[in-house]
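# Residue-level structure breakdown
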Amino acid sequence: MEQHNETRAVRIQTRKTGEKEHSTPLFLTSSFTYDSAEDMAAAFADDSLDVNIYSRFSNPTTDEFIEKIATLEGAEDGVATATGMAAVFGTFMTFLSKGDHIVSSSAVFGSTHTIITKYLSKWGIDYSYFSMNRPEEIEGLIRPNTKLLYVETPSNPGLDIIDLDYLSSICKRYNVLLVVDNCFATPAVQQPIRFGADLVIHSATKFIDGQGRVLGGVVVGRKELIKEIYLFIRNTGPSMSPFNAWVLSKSLETLYIRMDRHAQSALQIAQQLEGHPALRMVKYPFLPSHPQYETAKKMMRNGGGIVTFDLKGGIESGRKFLNALQWLSMTNNLGDSRTIASHPASTTHSKLSEAERQAVGITPGLVRLSVGLEHPDDILADILQALRQAE
Ligand SMILES: Cc1ncc(COP(=O)(O)O)c(C=O)c1O
């Protein structure tokens, strides 16, 4: 019987052990044993055997998490990693070689930007950045040695959105892999593979965990691509801990209802903040004022849980706003049940030059809100009283 993804997110589960446990078991073990020397030799001789050897290679709890997230994304297979950055780096290292070229949006997470600009060049891999607001320039950046096109949509922290149908048509024409970081949306909101993405990456640390407990990453896509990434991760070591996989797999059971609530509250807060006299702008994918509102409506089921706004008073107002918050959390993480406010210009992006920040849409007064699961009226009340003090 064909089931909905909401049901699969709850019901995909490791086969029951002899204990007949209801909740999924946790296989917290580094290695696995064999009945005979011949079985052990066979496990090592043939990579394609479905046998667990060592938890850096595979583990039943990690496999459960991978199967769930791959199913929700509409992908054939996946590989889980220790962090989101291990997923990004592992994907680059698997498909890029000396002399290759990558085309990427400039609006990417800070550590992804560091890998692209600082580390890839050490191995002779060149890059070109495009602006999310000028997609018409992308095709002109593709060279004969371009192997991969990388994008975050919505982007962190600028909430820029790009049409994945359009990107995948370019990638198919030039035989380039389309890799999408879907961390801000999650598969409950957007499934990039439906729009032609080859690989989808997540920092599972964010909404997939949803409660700010563990780090994790995952890449999903076609079997033959995942096999290559899997071998890179298995041999170089940034594999997901089975404990983290257990936490993350349990979290996926509530992903859909959490994302619905995050998005409902985020929309309500964005609507009520829009037009506030202390703010230059409020940005949220499902506000009609968002520059890519139509594209957001086409690709996303709802607007997700992140809202940004720009304080007219700039960097000083940003600091004052954070200091005036009574109970919203001041931390750099996002995708938590607890609402989080951050001010990129004075914190996560303070090492960038003003020009670099401007290029990725980080204005001095930009505040990023990760809207949590508390009552939206309470969240709004703390924001409004802090705005009064930030002027
Ligand atoms: C969009 C995006 N991609 C990747 C990452 C990296 O994930 P992790 O911190 O799990 O390594 C983050 C983390 O904030 C992120 O926001």
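Within each chain, residues carry numbers counting from 1 in the order of the written sequence. Only residues with pLDDT of at least 70 are given local features in this predicted model, and only at 80 or more are side-chain atom pairs given and counted; all residues enter the totals for whole chains, interfaces and linings.

### Regarding the domain arrangement of the protein chain
The test is simple: A domain assignment, automatic or from a database, supplies the domain bounds used here. Residues are scored as being in contact if the C-beta atoms we place from backbone atoms lie within 7 Å. Charged residues are taken to be Asp, Glu, Lys and Arg, nonpolar residues to be Ala, Val, Leu, Ile, Met, Phe, Trp, Tyr, Cys and Pro, and polar residues to be all remaining types, Gly included.
The domain architecture assigned to the protein chain consists of domain 1 (5–252) and domain 2 (255–390). Distance from the C-alpha centre of domain 1 to the C-alpha centre of domain 2: 27 Å. Across the contact, 30 residues belong to domain 1 and 32 residues belong to domain 2. Its residues placed into classes, the side of domain 1 that touches domain 2 shows 16 nonpolar, 10 polar and 4 charged.

### A few points about the sheet that holds strand β5 (residues 177–181)
As a reminder of what qualifies: Strands pair, by our definition, only if DSSP identifies at least two bridges between them. A run of H or I in DSSP becomes a helix once it reaches four residues, and a run of E becomes a strand once it reaches two; helices and strands are each numbered from the N terminus. Here an angle of 0 to 180 degrees is reported between the N-to-C directions of two axes, which are lines fitted to C-alpha atoms, with helices fitted over the stretch in contact.
One open sheet holds the 7 strands; their spatial order is β1-β7-β6-β5-β4-β2-β3, and the pairing between them is mixed. Only two strands of the sheet have a single partner each, and these edge strands are β1 (77–81) and β3 (126–130). Here the average twist between neighbouring strands, direction ignored, is 20 degrees. The pairing of strand β4 (residues 146–152) with β5 spans 5 bridges and is classified as parallel. Pairing of valine 151 across the sheet is with valine 180, part of β5. Packed on one face of the sheet, helix α8 (residues 223–236) meets β1, β6 (199–203) and β7 (217–221) and runs near 20 degrees to β1.

### What about the site of the ligand?
Heads up, the condition is: To decide nearness, the C-beta atom of each residue is placed from the backbone, and the residue is near a molecule or strand if that atom lies within 6 Å of it.
In the vicinity of the ligand, the residues found are Thr83, Gly84, Met85, Phe109, Glu152, Asn156, Asp181, Cys183, Ser203, Thr205, Leu215 and Gly217. Class assignment for the residues of the shell around the ligand results in 4 nonpolar, 6 polar and 2 charged.

### Section: the nonpolar core
Here is a general trend for soluble globular proteins: nonpolar side chains tend to be buried in one another's company. This is how it is decided: By convention the nonpolar core is taken to be a set of buried residues drawn from Ala, Val, Leu, Ile, Met, Phe, Trp, Tyr and Cys and joined through C-beta atoms within 7 Å. Buried residues are those with 20 or more other C-beta atoms within 10 Å of their own C-beta, exposed residues have 12 or fewer, and partly exposed residues lie in between; C-beta atoms are placed from the backbone.
Counting 106 residues, the largest nonpolar core has Ile102, Leu149, Val219, Ala266 and Val307 as its most contacted members. The leading source of residues in this core is helix α10 (residues 255–273), at 9 residues. A domain split of this core shows at least three residues from each of domain 1 (5–252) and domain 2 (255–390). Apart from the residues lying within four places of it in its own chain, the contact partners of alanine 266 are Tyr284, Gly303, Gly304, Gly305, Ile306, Val307 and Val371.

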